[in-house]
There are 2 protein chains.
Amino acid sequence: MSDQITIAIDAMGGDHAPSVPVEGAVLAARNTQTKILLVGDQGPVETELEKHDTEGLPISVIGSEGKIEDSEAPALALRQKPRSSVLVATGLVKAGIADAIISMGSTGGTMAAAVVLLGTIKGIERPAIGGPIVGSAPNQTIVDLGSNIDCKPSQLLGFGILGSVFSKVLLKINDPKIGVLSVGSEQNKGNSLTKEASTLFSKSGLNFIGNVEGNDLAKGTADVVVCDGFVGNVLLKLVEGIGTELGLQLQSALLNKMPLEDIRGIVQELHSKNNVVDSRGGGPVFGVDGVSIVGHGSASPGTFERAVRLAKMCVETKLIEEMNEQVPRIMELIAD
Amino acid sequence: MSDQITIAIDAMGGDHAPSVPVEGAVLAARNTQTKILLVGDQGPVETELEKHDTEGLPISVIGSEGKIEDSEAPALALRQKPRSSVLVATGLVKAGIADAIISMGSTGGTMAAAVVLLGTIKGIERPAIGGPIVGSAPNQTIVDLGSNIDCKPSQLLGFGILGSVFSKVLLKINDPKIGVLSVGSEQNKGNSLTKEASTLFSKSGLNFIGNVEGNDLAKGTADVVVCDGFVGNVLLKLVEGIGTELGLQLQSALLNKMPLEDIRGIVQELHSKNNVVDSRGGGPVFGVDGVSIVGHGSASPGTFERAVRLAKMCVETKLIEEMNEQVPRIMELIAD
């Protein structure tokens, strides 16, 4: 592998594949000083690529067969489609040919491919998805956002360690504050899961600030917030839904009060400020032993470019190495 | 008891008691054709009442001693303060002297007083709090919003029946659609609680539409949404928090684009539209055998007037009688 960082992009993943992933790959190859491997059905991907001026750009196409659909059960699909784009792309990381993989396709499929091919970090049983969801707290990492529905307290501890490393290494937050999402700030408030997780965190040596509540998510009280994937997923989708509805309300409230163009500008400004998932390009799968970035199927070419920048940062900052060091260390500390 | 509906108001409950509850009681007595019993420390309440022109208004003061604070454990506080305002006020309903009780004080204290003095509806073990939380779905009743942290599936069924009766009787929604809040629309998505609750709902004869997701809360897909009180409370506080932050963002986005007065008007308009808890005045304690209305401590005098109108409607529409009929009937159906 050359000094240049190499990123494998799942060209079949996302709502408008392969055209959007291919356009995103071209943008990224042009602007991010990385080498891009586009993994997908060879014919269609090359046809898309020919629509762009790629002269001198470090892009190659790697052929694969088919894709994992959102509607498929990930584990079964992996077995049935061993040559599917996300498996081939993740395999390139496993083989040391690529440094990271990006997919805007099935989140479950991308995570399952990462678990099977890259393995999990020691001390982590199953990976999680994390990131910011509220525009007013764009550097707050919330884990898990939907992968682990019924959780054990030790899983919440794992989310907190992974989130804390991400927050420190990637977001440059010194000694990140970790909170457990609950229903009251007092230690005795919460369900059995959050109370037991709090006990673990208080022994972890991490900068644990106790319980945080729903309103703290908007204020960004903690840098890292842990919750089970059921709660996280409901929150993620609620915030998206509220954003859409408030955008419509705002438009109608401003109507006839200023020029249409200004209204559009303001609504757009607030939308971008609050669509924090898109502004980062996606998020890493937390807990797997390699850089695997997942994003929303509605990703634009610009989203892919941002995802490549994120992947590159994960590699350069040695995010995975740091996670591999911190998780087992703290898990052992707790076990004592 | 005369034909006129009589409402007991906890004059000691709320952030600015007794002044705000007293002013609210005066408003309500003037505008809602109800008789008001103001329950609180006699001296301070009468002093407040003298500041208003109450000539000919149907308001009486009933003396009580002290109040239950938010910081107190409700069950213990009830034993320690048997003459506290919320207990005396709820006792008036128990004795048939008042038709309903309203308190903006400790929610836990109000609920505990209702359980102890009025009892629960047959089939309901513990009461719940429900109501709309998202401005774009102002007639969507979400239960539970924070009273029952660790729930059994049968409790979620109870929330659904109570919410459905409220929705039909009070909000005049014919055959209300009931959804279980979960992480995917398919029946197999969710945690063990929601999956088992779904099985119960599908046997209930209610208009059960299956799972709803976070974004459905903003769209108002279901008329009644059930969730455990942990999830409901996190959602409630998140929506409040986001509203505050977006209000600030909007103000700064509009700055220098229109006159300050117009900005204030728009922010105020959107705030009122989305502060759905205040616009209804509060919500009934779901599951107790009598009308007990709780609201936010920040209630204004106008909030009290709206709460009195709500209480009056609950009495007039025979909400509790209908709950007493439906809950045991459906619970028996499920048990078969």
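Residues numbered from 1 in each chain as written. Chains lettered and ligands numbered in written order. Predicted model: local features only at pLDDT ≥ 70, side-chain atom pairs only at ≥ 80, totals over all residues.

Draft legend 1. Summary view of the environment of A:Gly190. Residues and elements named next belong to chain A. Along the chain, Gly 190 turns up in the loop between strand E7 (178-181) and helix H7 (192-202). The class for Gly 190 is buried, based on 21 C-beta atoms found within 10 Å. In this structure, the C-alpha to C-alpha distance between Gly 190 and Val 115, residues 75 residues apart in sequence, is 31 Å. Those residues in contact with Gly 190 that sit more than four places away from it in its chain are Ser 182, Val 183, Lys 195 and Asn 211. (Helix = DSSP H or I, 4+ residues; strand = E, 2+ residues; numbered from the N terminus. Buried ≥ 20, exposed ≤ 12 C-beta atoms within 10 Å, placed from the backbone. Contact = placed C-beta atoms within 7 Å.)

Draft legend 2. Summary view of the interface of chain B and chain A. Contact with chain B, which involves 42 residues of that partner, is made by 41 residues of chain A. Listing elements by their share of the side of chain B that touches chain A, those giving two or more residues are helix H8 (214-219), helix H9 (229-254) and helix H10 (260-274) of chain B. Grouping the amino acids of the side of chain B that touches chain A by side-chain chemistry returns 21 nonpolar, eleven polar and ten charged. (Nonpolar A, V, L, I, M, F, W, Y, C, P; charged D, E, K, R; others polar.)

Draft legend 3. Summary view of the relation of the copies chain B and chain A. Take chain B, turn it by 180°, move it 0.0 Å along the axis, and it overlays chain A with an RMSD of 0.0 Å. These values place the two chain copies in the arrangement generated by a two-fold rotation axis. Identified as the residue of chain B closest to the rotation axis by C-alpha distance is B:Val231, at 3.2 Å. Most of the interface of chain B is mirrored in chain A, where 98% of its interface residues again form contacts. (Least-squares fit on C-alpha atoms with pLDDT ≥ 70 in both.)

Draft legend 4. Structural detail: the sheet that holds strand E11 (residues 291-294) of chain A. Residue and element names in this part refer to chain A. Spatial ordering of the open sheet is given by E3-E2-E1-E4-E11-E10-E5-E6-E9-E7-E8, a layout of eleven strands whose pairing is mixed. The open sheet has two edge strands with one neighbour each: strand E3 (59-63) and strand E8 (208-212). Pairwise comparison of adjacent strand axes, ignoring direction, gives a mean angle of 30° for this sheet. Both strand E1 (residues 6-10) and strand E2 (residues 35-40) contribute to a ladder of five bridges, which runs parallel. (Pairing = 2+ DSSP bridges. Axes fitted to C-alpha atoms, helices over the stretch in contact; angles between N-to-C directions.)

Draft legend 5. Representation of the sheet that holds strand E8 (residues 208-212) of chain B within the structure. Residues and elements named next belong to chain B. Here eleven strands make up an open sheet; going across it, the order is E3-E2-E1-E4-E11-E10-E5-E6-E9-E7-E8 and the pairing mixed. Edge positions in the open sheet fall to strand E3 (59-63) and E8, since each of these has one partner strand only. Averaged over all neighbouring strand pairs, the angle between strand axes comes to 30°, with direction disregarded. As defined by bridge partners, strand E10 (residues 283-286) adjoins strand E11 (residues 291-294) across two bridges and the pair is classed as antiparallel. Paired with Gly 283 across the strands is Val 294, a residue of E11. Across the sheet, helix H7 (residues 192-202) lies against strand E7 (178-181), E8 and strand E9 (224-226), angled at about 165° from E7, the strand it touches most.

Draft legend 6. The domain arrangement of chain A, seen in detail. All names here are of chain A. If you check the domain split of chain A, you get domain 1 (6-126 + 287-318) and domain 2 (129-277). One C-alpha centre belongs to domain 1, the other to domain 2; they are set 26 Å apart. Taken together, the contact between domain 1 and domain 2 spans eleven residues of the former and eight residues of the latter. Taken together, the elements giving at least two residues each to the side of domain 1 that touches domain 2 come down to helix H5 (107-118) and helix H12 (301-316). (Domains from an automatic or database assignment.)

Draft legend 7. Spatial organisation of H12(A). Residue and element names in this part refer to chain A. With 16 residues, H12 should reach 22 Å at 1.5 Å per residue; the first-to-last C-alpha distance of 23 Å fits that figure. Among all positions of H12, only Thr 303, Phe 304, Glu 305, Arg 306, Ala 307, Val 308, Leu 310, Ala 311, Lys 312 and Cys 314 are buried. Phi turns positive, to about 55°, at Lys 318, one or two residues after H12. (Expected span 1.5 Å × (residues − 1).)

Draft legend 8. Examining the pairing of E3(B) more closely. All names here are of chain B. Bridging between strand E2 (residues 35-40) and E3 involves five bridges; their strand directions are parallel. The residue bridging Val 39 from the neighbouring strand is Ile 62, located in E3. With helix H2 (residues 42-49) bridging E2 and its parallel neighbour E3, the resulting β-α-β unit is right-handed. (Right-handed = clockwise from strand over helix to strand, strands pointing away.)

Draft legend 9. Fine view of the nonpolar core. Core analysis: the largest hydrophobic core is formed by 220 residues, its most contacted members being A:Leu38, B:Ile9 and B:Leu38. Sequence-distant contacts of A:Leu38, defined by excluding residues within four places in its chain, comprise A:Ile9, A:Ala11, A:Val22, A:Ala25, A:Val45, A:Ile59, A:Val61 and A:Ile62. (Core = buried A, V, L, I, M, F, W, Y, C linked by C-beta atoms within 7 Å.)

Draft legend 10. Structural view of the pairing of E2(A). Residue and element names in this part refer to chain A. Most of E2 sits inside the fold, with six of its six residues counted as buried. Across the two faces of E2 the burial is the same, with Lys 35, Leu 37 and Val 39 and Ile 36, Leu 38 and Gly 40 all buried. Handedness of the crossover joining E1 and E2 through helix H1 (residues 19-31) is recorded here as right-handed.

Draft legend 11. Summary view of unusual backbone geometry. In this chain, B:Ala17 is followed by B:Pro18 through a cis amide linkage whose omega measures 0°. Among the secondary structure elements, B:Pro18 is positioned in the loop between strand E1 (6-10) and helix H1 (19-31). A positive phi angle, close to 50°, is found at A:Asp175, a residue other than glycine. Among the secondary structure elements, A:Asp175 is positioned in the loop between helix H6 (153-169) and E7. Its 11 C-beta neighbours within 10 Å are what place A:Asp175 among the exposed residues.

Draft legend 12. Spotlight on the packing of helix H6 (residues 153-169) of chain B against H7(B). All names here are of chain B. One can describe the packing of H6 onto H7 by two numbers: an axis separation of 8 Å at closest approach and a directional angle of 55°. As summarised for this structure, H6 and H7 are arranged oblique, according to the angle between their axes. Relative to H7, H6 is oriented so that their crossing is right-handed. Packed against H6, whose contacting residues are Pro 153, Ser 154, Leu 156, Leu 157 and Gly 160, the element H7 presents Leu 193, Glu 196, Ala 197, Leu 200 and Phe 201 at the interface. (Parallel < 35°, antiparallel > 145°, perpendicular 65-115°, else oblique. Left-handed = near helix turned anticlockwise from the far one by under 90°.)

Draft legend 13. Representation of the packing of helix H9 (residues 229-254) of chain A against H9(B). In the contact formed by H9(A) and H9(B), the axes pass within 11 Å of each other and the chain directions differ by 35°. Crossing hand, H9(A) versus H9(B): right-handed. Of H9(B), the residues touching H9(A) (which contributes A:Val231, A:Val234, A:Leu235, A:Leu238, A:Val239, A:Ile242, A:Leu246 and A:Leu250) are B:Val231, B:Val234, B:Leu235, B:Leu238, B:Val239, B:Ile242, B:Leu246 and B:Leu250.

Draft legend 14. Expanded view of H6(B). Across its 17 residues, H6(B) extends 25 Å between first and last C-alpha, which sits within 8% of the 24 Å expected from 1.5 Å per residue. When you tally the buried positions in H6(B), you get 15 out of 17 residues, the bulk of the element.

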